[in-house]
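Notes for the structure review
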Amino acid sequence: MLEARQLSVSYSRGQPVLQSVSFTLPAGCLVSIIGPNGAGKSTLIKAMLSLIPHRGRTLFDQQDLHAVARHVAYVQQKSGLDLTFPITVCECVALGRQADANAFGHVRGATEAVAQALAQVEMADFAARPLSQLSGGQLQRVLIARCLVQNAQLLVLDEPFVGIDVQSEAAIMAVLRAQKRAGKTILIVHHDLKTVPDYFDWVVMLNRALIAAGPVATTFTPDNLAATYGLPQPAEKGAPDASAIFH
Ligand SMILES: Nc1ncnc2c1ncn2[C@@H]1O[C@H](COP(=O)(O)OP(=O)(O)OP(=O)(O)O)[C@@H](O)[C@H]1O
């Protein structure tokens, strides 16, 4: 179980960008965090992972998440990556096992784990390629492979589908669904509202404060969408259908 308790963030002395966000998610499901640009989605996951100063707590199986960071894999937005760093695909994926290195920097079984993870994301042929020479979709698959070798219980991905084609997206979703079947919890910042019902079991709807969190079937409603994206409520006279934001 993943539990956010009253998470608040202020980057400066101004208005908080995240206001007392609380929710509880079951383990072993695929969860999307949705909301408009600037809603605080990336801020929320950084606060949950204790990567930025914040108030509140995040618990994973009743333990503080930062105390069990070993069990968490995080893929930040692509825009935050330094692609000039000289590293190959294979080396990048192996970094996922670095926490298991012995005093000489050797990780037992790492070579096999890296090869297996690259095969899972269909990137085995790119093992020796510099990271800087990958397309956006290929890079995303490699970053997912790095998560896989970590064998984490919780995977947190910030906008993994931005700028990638449908084939790469389908390949990544297949890998993430397999992770879910293996009991992993997967939290994804997501923008494509059309795919939410198909991809995810649970949804967290955010606009600086929590609008709603729960199973997609009961939570991803026109009313909650209107509240999240600041549209008139569907029941209001002459209001546009909230499903219009799908287009
Ligand atoms: N390091 C920072 N310093 C100051 N303000 C920041 C910082 N990072 C984010 N913000 C501000 O906090 C707010 C929330 O940003 P955040 O990146 O969490 O939103 P988001 O929902 O992930 O947006 P997007 O969908 O555009 O990626 C925005 O107004 C943003 O400008």
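So, here's what we can say about the structure. Chains are numbered independently. Their residues run from 1 in the order of the written sequence. Note on the predicted model: pLDDT of at least 70 is required for a residue's local features to be given, and 80 or more for side-chain atom pairs to be given and counted; whole-chain, interface and lining totals, by contrast, use all residues. The side-chain figures draw on all heavy atoms in the structure; neither hydrogens nor water molecules are used.

For the rest of this paragraph, the subject is the sheet that holds strand 6 (residues 72-75). Strand pairing is defined by DSSP finding a minimum of two bridges between the two strands. Elements are defined by DSSP. Helices are runs of H or I of four residues or more, strands are runs of E of two residues or more, and each kind is numbered from the N terminus. Spatially, the 6 strands line up as an open sheet ordered 6-7-8-3-9-10, and their pairing is mixed. In this open sheet, the two strands that pair with only one neighbour each are strand 6 and strand 10 (209-215). Neighbouring strand axes in the sheet, compared pairwise and without regard to direction, differ in orientation by 15 degrees on average. Pairing geometry for strand 3 (residues 30-34) and strand 9 (residues 202-207), over 4 bridges, is parallel. Of the residues in strand 9, the one forming a bridge with isoleucine 34 is methionine 205. To get an axis, fit a line to the C-alpha atoms, keeping to the stretch in contact for a helix; angles then go from 0 to 180 degrees between the N-to-C directions.

As a further point, take the layout of surface pockets. Any residue with an atom within 4 Å of a point lines the site, the site being either a cavity, points on a 1 Å grid over the protein atoms alone where a 1.4 Å probe fits but cannot get out, or a pocket, an open set with protein on both sides within 12 Å along at least 5 of 7 lines. Grid points are joined across faces, edges and corners, and a volume is the space filled by probe spheres set on the points. In this model, the second largest pocket occupies a volume close to 150 Å³. For the second largest pocket, the full set of lining residues is Arg97, Ala113, Gln116, Ala117, Gln120, Leu148, Val149, Asn151, Gln179 and Lys184. Of all the secondary structure elements, the ones that give two or more residues to the lining of the second largest pocket are helix 3 (110-120) and helix 4 (136-150). Grouping the constituent residues of the lining of the second largest pocket by class yields 4 nonpolar, 4 polar and 2 charged. For this classification, Asp, Glu, Lys and Arg are treated as charged, while Ala, Val, Leu, Ile, Met, Phe, Trp, Tyr, Cys and Pro are nonpolar and the rest, including Gly, are polar.

Following both chains from N to C, one finds helix 3 and helix 4 inclined at 135 degrees, their axes separated by 9 Å at the closest point. When the interaxial angle is binned, helix 3 and helix 4 end up oblique. Where helix 3 crosses over helix 4, the two elements pack in a sense that is right-handed. Across the interface between the two elements, Ala113, Val114, Ala117, Leu118 and Gln120 from helix 3 touch Ala145, Leu148 and Val149 from helix 4. Class assignment of the residues belonging to the contact of helix 3 with helix 4 gives a composition of 7 nonpolar, 1 polar and no charged. What sets the label is the angle itself: under 35 degrees gives roughly parallel, over 145 gives roughly antiparallel, 65 to 115 gives roughly perpendicular, and the rest give oblique. In this scheme the crossing of two helices becomes right-handed for a clockwise turn of the near helix relative to the far one and left-handed for an anticlockwise turn of less than a right angle. By the convention used here, residues are in contact when the closest approach between their heavy atoms is within 4.5 Å.

Counting buried positions over the 5 residues of strand 7 (residues 154-158) gives 5, a clear majority of the element. Buried residues are those whose accessible area, probed at 1.4 Å on protein chains only, stays under 20% of the maximum for their type, while exposed residues exceed 50% and partly exposed ones sit between those limits. Every second residue of strand 7 is oriented toward a common face, with Leu154, Val156 and Asp158 on one face and Leu155 and Leu157 on the other, all of them buried. Pairing analysis gives 4 bridges linking strand 6 to strand 7, with the strands arranged parallel. Within the sheet, the bridge partner assigned to tyrosine 74 lies in strand 7 and is valine 156. In this sheet, strand 8 (residues 185-189) lies alongside strand 7 in parallel orientation, the contact comprising 5 bridges. Counterpart to leucine 154 in the pairing with strand 8 is threonine 185. By convention, a crossover is right-handed whenever its connection, traced from the first strand over the helix to the second and viewed with the strands pointing away, goes clockwise. Between strand 7 and its parallel partner strand 8, the chain crosses via helix 5 (residues 166-181), and the hand of that crossover is right-handed.

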